[in-house]
Amino acid sequence: MQTRETTTYTSGHDSLNTSITKVWEHKNLIWVFAKRDLKVKYAQTYLGFSWSVFKPLLGLSIYVFFGYLLKWSTGHIPYAVYVLTGLVGWNLFSYIISNGVSAVHESTDIIKKIYFPKSILPFSKTVVGLFEAIISLVLLIPLLIYYEIGISWKIIFLPLVLIFNITCGLAAAFIISSISIAKRDFLQVLPYLISMAIWLTPVFLSASIFPEEFQFIFDYNPIANVIDLWRWVIFDGIEFKFIWMVNFLLSIVMLFFGFYLYSFRENKFADSI
């Protein structure tokens, strides 16, 4: 006699372990939603996926123009290379936050019709952001060849830097989503906060141009650490800082906290949107 497994869903709050298990059981949805987002993102455009190439190039050209105009110094790294390596980390971080936070509101119809762990949504946005980050990395190769820059042996640590990068973005996305689902005013100010935060990270400028008493901001800012680490794994001559490891561990703690907070409130998402 065969017995059937029965899965029961309740309005109660899941434990952290149960929430992780549910995401793992529905992991295929991450790829389904990611593919959907990629198709929708470039639908009805003439250039299609080519925009993934042109957008980082456009950002690079703007920052390089003002960088040369203002004569910002970036040490031994050519300015164009410096900016592009910063944009890889920053664009991935900001994409995960901005799209991960809005993912629930964008998927209102699906959330109200079928059950799935809502934390799948920020994870699917991460996959899309990672796709565009890889394209930006590919664009870096011609610049390295042009400036005759060799890649450091430390490139083997690139997966860890990616994990750090994604962890920072997801931790912020989960925490902000948990707050903004009830307080939507935060969604209005979020783009401005992200635009301001770039000035506290060494994306297109070096921390050395700031007064010494303010440079601690770059040391204790996790996403600033991420961008410094991008350059550390690619180039030689950059000193490793212990604070990077500390913030990496703290970002992991914040990711689990944010994920639990998000999972704790996700059963009420359908009523709140």
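Here, the structure is the one placed above.
Residues numbered from 1 in each chain as written. Predicted model: local features only at pLDDT ≥ 70, side-chain atom pairs only at ≥ 80, totals over all residues. Heavy atoms only, no water.

1. What to know about the nonpolar core
Okay, step 1: Among the nonpolar cores identified, the biggest contains 64 residues, and Val81, Trp90, Ile97, Leu121, Val203, Phe204 and Trp230 are the most heavily contacted of them.
Okay, step 2: Every element with two or more residues in this core is listed here: helix H2 (28-41), helix H4 (79-106), helix H6 (120-146), helix H7 (158-180), helix H8 (185-197), helix H10 (222-234) and helix H11 (242-265).
Okay, step 3: With 16 residues, the top contributor of residues to this core is H4.
Okay, step 4: Setting aside its immediate chain neighbours within four residues, Leu121 contacts Phe33, Ala103, Val104, Ser107, Ile111 and Phe116. (Core = buried A, V, L, I, M, F, W, Y, C linked by side-chain atoms within 4.5 Å. Buried < 20%, exposed > 50% of the residue type's maximum accessible area, 1.4 Å probe, protein only. Helix = DSSP H or I, 4+ residues; strand = E, 2+ residues; numbered from the N terminus. Contact = heavy atoms within 4.5 Å.)

2. Notes on the environment of Phe164
Okay, step 1: If you trace the backbone, Phe164 turns up in helix H7.
Okay, step 2: When its relative accessible area of 1% is taken as the criterion, Phe164 is described as buried.
Okay, step 3: Spatially, the C-alpha atoms of Phe164 and Asn247 are 9.0 Å apart, while their sequence positions differ by 83 residues.
Okay, step 4: Beyond its immediate chain neighbours, meaning those up to four positions away, Phe164 contacts Pro222, Asn225, Val226, Leu229, Trp244, Asn247, Phe248 and Ser251.

3. What to know about H7
Okay, step 1: Between its first and last C-alpha atoms H7 spans 33 Å; for 23 residues at 1.5 Å apiece the expected length is 33 Å, and the two agree.
Okay, step 2: The buried fraction of H7 amounts to 17 of the 23 residues, a majority that puts the element mostly inside the structure. (Expected span 1.5 Å × (residues − 1).)

4. Some words on unusual backbone geometry
Okay, step 1: The backbone phi angle of Glu148 is positive, close to 55°, even though this residue is not glycine.
Okay, step 2: Tracing the sequence through the fold places Glu148 in the loop between H6 and H7.

5. Topic: the packing of H10 against H11
Okay, step 1: Look at H10 against H11: their axes get within 10 Å of each other, and the N-to-C directions meet at 125°. When the interaxial angle is binned, H10 and H11 end up oblique. By crossing handedness, the relation of H10 to H11 is classed as left-handed. Only Ile243, Trp244 and Asn247 of H11 make contact with H10, whose side of the interface consists of Pro222, Asn225, Asp228, Leu229 and Trp232.
Okay, step 2: In the contact of H10 with H11, the residues fall into five nonpolar, two polar and one charged. (Axes fitted to C-alpha atoms, helices over the stretch in contact; angles between N-to-C directions. Parallel < 35°, antiparallel > 145°, perpendicular 65-115°, else oblique. Left-handed = near helix turned anticlockwise from the far one by under 90°. Nonpolar A, V, L, I, M, F, W, Y, C, P; charged D, E, K, R; others polar.)

6. A few points about a nonpolar patch on the surface
Okay, step 1: Judged by side-chain polarity, Ile151, Trp153, Ile155, Ile156, Phe157, Leu160 and Ile163 come together as a nonpolar surface patch covering roughly 690 Å² of accessible area.
Okay, step 2: By secondary structure assignment, the location of Ile151 is in the loop between H6 and H7. (Patch = residues over 30% accessible without salt bridge, like charges linked within 9 Å, V, L, I, M, F, W, Y side chains within 5 Å. Areas by Shrake-Rupley, 256 points an atom, 1.4 Å probe, with all protein chains shown as cover. Salt bridge = Lys/Arg side-chain N within 4 Å of Asp/Glu carboxyl O.)

7. Some thoughts on the packing of aromatic side chains
Okay, step 1: The final tally for this structure, using the stated rule, is 14 aromatic pairs.
Okay, step 2: Note on Trp199 and Phe204: the rings are 5.0 Å apart at their centroids and 90° apart in plane angle, and the pair reads as edge-to-face.
Okay, step 3: On the accessibility criterion, Trp199 (45% relative accessible area) is partly exposed.
Okay, step 4: One Lys or Arg, Lys27, reaches over the ring of Trp24 and ends 4.3 Å from the middle of that ring. (Phe/Tyr/Trp six-rings, centres within 6.5 Å; stacked < 30°, edge-to-face > 60°. Lys NZ or Arg CZ within 6 Å of the ring centre and 35° of its normal.)

8. Digging into the environment of Leu162
Okay, step 1: Residue position: Leu162 is located in helix H7.
Okay, step 2: The sequence separation of Leu162 and Ala133 amounts to 29 residues, and the corresponding C-alpha distance is 9.7 Å.
Okay, step 3: If we skip the residues at most four places from it in the chain, Leu162 touches Leu92, Leu130 and Trp230.

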